Amino acid sequence: MSAQELEVDGATVRLTNPGKVLYPESGTTKLDVAMYYLQVAPVLLPWAKNRPATRKRWVDGVGTEACPGKSFFQKNLDAATPEWVQRQRVHHMDHDNIYPLVNDARTLVWLAQTATLEIHVPQWKLASDGVPQNPDRLVLDLDPGEGTGLSECAAVALLVRVALAQIGFDSLPVTSGSKGMHVYARLDGQKTSGEAADLAHELALSIEHDHPEMVVSRMGKELRRGKVFIDWSQNWPGKTTVAPYSLRGRMLPTVAVPRSWDEIDQVGLGQLAYREVLARVEAGINPGL
Ligand code: ATP
Ligand code: MN
């Protein structure tokens, strides 16, 4: 067993088993994951800061199509968590959880150390005293139904963009790194999560009304065939969405990536792999809201 020490923000973070392969198909190692997260820290942290983070971990890697690796969602911190990982207690209906806050680069390296590939966050932040704030963004999650894919999601995303613009919101598309897309808009903090979900629901209904052959706003899987499901319920306070610039635990190391509307409008739109994302970030390409 080997280990590598990484210098991050003047602190030393220890990475055990840096050569451990987490994505067998591409040979991507734990060190690659740590270096990816370190390099995207400046663009990822603003999306994740002060939000209670749910981690999705693949301790033995993502495996192969024939033999996928086991994964699990983890909310609560465990005793082995370094004391420098910022954290906050969140009160749920019948229990409390202590969540990590992805607030600095070394926490991103710790995530890689614990084989956390995916970082999931809600659309609201915690204030410094731990009180949940109203959401500061709205998300519409576009899921391709059977027989559709990313290009249908892109067409629907352009409709979402227009619908949001009509009520005065700029928006940002994010390819999810999995099958579909997310579209974000900035909120001013006046709406509760419930009100944000209501607004997203109204948008989904109105787009469905105008384009019933392309769009569905209800949850039922059987309704989705040949259509894109606009999931507005991701705005509920207990829901999370994968953080932009998070890796995905797919067979290949794809990423949830903010895109320009011009890219969404082009033929051949695809999900991006982490190396492509590193090249974009290095070139200063970081579409934002
Ligand atoms: P895709 O583009 O394939 O739909 P996605 O990340 O949008 O990828 P969804 O299944 O649409 O995946 O789920 C949306 C979000 O809901 C996820 O990003 C994740 O944050 C959250 N989520 C989904 N399933 C769970 C779960 N079992 N536990 C916790 N969060 C979940
Ligand atoms: Mn989705």
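No experiment lies behind these values; they were computed from the predicted model shown.

Participant: Before we go on, may I ask you to explain the coordination of the manganese ion (ligand 2) in this structure?
Facilitator: When four donors bind a metal tetrahedrally, each ideal donor-metal-donor angle is 109.5 degrees, and when six bind octahedrally, the ideal angles are 90 or 180 degrees. Taken together, Asp141 (OD) and Asp143 (OD) make up the full set of protein donors to the manganese ion (ligand 2), lying 2.0 to 2.2 Å away. Looking at Asp141, the relative accessible area reads 7%, which means it is buried. Judged by its relative accessible area of 22%, Asp143 falls in the partly exposed class.

Participant: Can you help me understand the nonpolar core in this one?
Facilitator: A general trend in soluble globular proteins is that nonpolar side chains are found buried together. Within the largest apolar cluster, 48 residues are counted, with the highest numbers of intra-cluster contacts made by Tyr36, Tyr37, Leu44, Val102, Leu108, Ile119 and Tyr245. Taken together, the elements giving at least two residues each to this core come down to strand E1 (3-8), strand E2 (11-16), strand E3 (21-23), helix H1 (30-48), helix H2 (105-113), strand E9 (116-121), strand E11 (171-175) and helix H6 (274-282). Ranked by residue count, the leading element in this core is H1, at 11 residues. The next biggest cluster of nonpolar side chains, apart from the first, holds 30 residues, and it includes Leu164, Val183, Trp261 and Ile264.

Participant: Help me understand the packing of aromatic side chains, please; the structure alone is not making it clear to me.
Facilitator: Aromatic rings in a pair are described by how distant their centres are and how their planes are angled relative to each other. Taken as a whole, this structure holds 3 aromatic pairs when the rule is applied. Through successive ring pairs, a cluster of aromatic residues spans Tyr36, Tyr37 and Tyr274.

The rules behind each value
Residues numbered from 1 in each chain as written. Chains lettered and ligands numbered in written order. Predicted model: local features only at pLDDT ≥ 70, side-chain atom pairs only at ≥ 80, totals over all residues. Heavy atoms only, no water. Donors = N, O, S within 2.8 Å, 3.2 Å for Na, K, Ca; no water. Buried < 20%, exposed > 50% of the residue type's maximum accessible area, 1.4 Å probe, protein only. Core = buried A, V, L, I, M, F, W, Y, C linked by side-chain atoms within 4.5 Å. Helix = DSSP H or I, 4+ residues; strand = E, 2+ residues; numbered from the N terminus. Phe/Tyr/Trp six-rings, centres within 6.5 Å; stacked < 30°, edge-to-face > 60°.

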